[in-house]
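# Structure assessment
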Amino acid sequence: METTNYSQQPFIPVIQEKEEVRAEFIRRTYTHVALAVLGFILVEALFLQIPAIVNVGLSMTQGWTWLLVLGGFMFATNYATRMAYTSTDKNKQYLALGIYVVAEAFIFLPLIYIGIEMAGGSLALINQAAILTLALFLGLSMVVFMTKKDFSPLRNIISVGMWIAIGLIVAGMLFGFNLGLWFSFAMVGLAAGAILYQTSSILHEHHTEQYVAASLGLFSALMLLFWYVLNIVISFSGD
């Protein structure tokens, strides 16, 4: 299979392309985000039907074991992201997106299971969190597309915020304290910033053949938002 070496061609951001070219790139990107979400739902449903996988997922939520899971997830994330952005082979880009979808499905497994159990075996809490997440995601996306503003300055803020969050999560696990709802709300804000940045980067930091990589970045921000919205919904349902 022949591939084009885009690294030897001048970089032209999507924002500078003709309107029809830009619209096609955005359509492809969001189609792949939708497919990634569908893939996540299908893989999660499959995992929930296999008691052995559910038991493994639940057993890995305590102490050092959960740190190992988070470490493995971060490794899979970095590997998939690097593959998606550096490879010009579409097959490898799709493989990267697939790896990330499966990794997300596994990391979400304990939280989804808890949400279903707290709702008496229904998907009520999951659906509430999904609707809230989708509404926030669409609203933030519209802000970017209507203003066409470059949110790249948020990149450093998000990076620092994520490292602080990881440090707090690790500290909470090691010293046994609960980060509480304030942390979840703060992470929703951080995820909102990530969505603004990732949506902006579609126009300002990608060329027209990077729609798979762009969809991976958007999907990762969407799932970060969903994780903490679901945490908040579950917390309120338990009060």
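Preceding this section is the structure that the text describes.
These figures come from a predicted structure and were not determined experimentally. Throughout, residues of each chain are indexed from 1 in the direction in which the sequence is written. It should be noted that, the model being predicted, local features are given only for residues of pLDDT at least 70 and side-chain atom pairs only at 80 or more, the latter also being counted only at that level, while totals for whole chains, interfaces and linings use all residues. Hydrogens are left out, water is left out, and the side-chain values use all remaining heavy atoms of the structure.

As a further point, take the overall build of the protein. The secondary structure listing takes helices from DSSP runs of H or I that are at least 4 residues long and strands from runs of E that are at least 2 residues long, numbered from the N terminus. The helix and strand inventory of the protein stands at eight helices and zero strands. The helix and strand sequence of the protein, counted from the amino end, reads α-α-α-α-α-α-α-α. Scaling as 2.2 N^0.38, a compact globule of 239 residues should have a C-alpha radius of gyration of about 18 Å, and the protein matches this with 18 Å. Dimensions of the protein, computed from the C-alpha atoms along their principal axes, are close to 55 × 40 × 35 Å. Throughout, exposure labels follow a simple rule: accessible area from a 1.4 Å probe, protein chains only, divided by the maximum for the residue type, with under 20% read as buried, over 50% as exposed, and the rest as partly exposed. The buried share among the 239 residues of the protein stands at 43%. A contact between two residues is defined here by any heavy atoms of the two lying within 4.5 Å. Of all intrachain contacts in the protein linking residues separated by at least 6 positions in sequence, the fraction that spans at least 24 positions is 83%. Here, Shrake-Rupley sampling with a 1.4 Å probe gives the accessible areas, and only protein chains in the shown set may cover a residue. Surface exposure of the protein reaches about 12600 Å², of which carbon and sulfur atoms provide 67%. By the counting rule applied here, Lys and Arg register as positive and Asp and Glu as negative, while His and the ends of each chain are not counted. Lysine's charge is taken at NZ, arginine's at CZ, aspartate's at CG and glutamate's at CD. Across the protein, the 10 positively charged side chains and the 13 negatively charged ones have centroids separated by 7 Å. As a reference, a globule follows 2.2 Å times the number of residues to the power 0.38, and the radius of gyration itself is taken over C-alpha atoms.

Formed by 67 residues in total, the largest nonpolar core has its most connected members in Phe 40, Phe 108, Phe 226 and Leu 230. For this core, the secondary structure elements donating two or more residues are α1 (19-48), α3 (63-86), α4 (90-118), α5 (124-147), α6 (154-175), α7 (180-204) and α8 (211-237). Of the residues forming this core, the biggest block, 20 residues, is contributed by α8. Those residues in contact with Leu 230 that sit more than four places away from it in its chain are Leu 111, Ile 112, Leu 125, Ile 126 and Ala 129. By nonpolar core is meant a set of buried Ala, Val, Leu, Ile, Met, Phe, Trp, Tyr and Cys residues that side-chain atoms within 4.5 Å join together.

Quick look at a nonpolar patch on the surface now. Any residue with relative accessible area above 30% and no salt bridge may belong to a patch, with like charges joined within 9 Å and the nonpolar Val, Leu, Ile, Met, Phe, Trp and Tyr side chains within 5 Å. We define a salt bridge as a contact between a side-chain nitrogen of Lys or Arg and a carboxyl oxygen of Asp or Glu at a distance within 4 Å. A cluster of nonpolar side chains, namely Leu 35, Leu 38 and Leu 42, defines an oily patch on the protein surface of about 300 Å² accessible area. On the secondary structure map, Leu 35 appears in helix α1.

With that out of the way, let us pick up the environment of Leu 95. Mapped onto the secondary structure, Leu 95 falls in helix α4. With a relative accessible area of 46%, Leu 95 lands in the partly exposed category. Sequence separation between Leu 95 and Asp 150 is 55 residues, and the spatial gap between their C-alpha atoms is 29 Å.

So, to be careful, I would describe these as geometric facts and stop short of saying anything about function.
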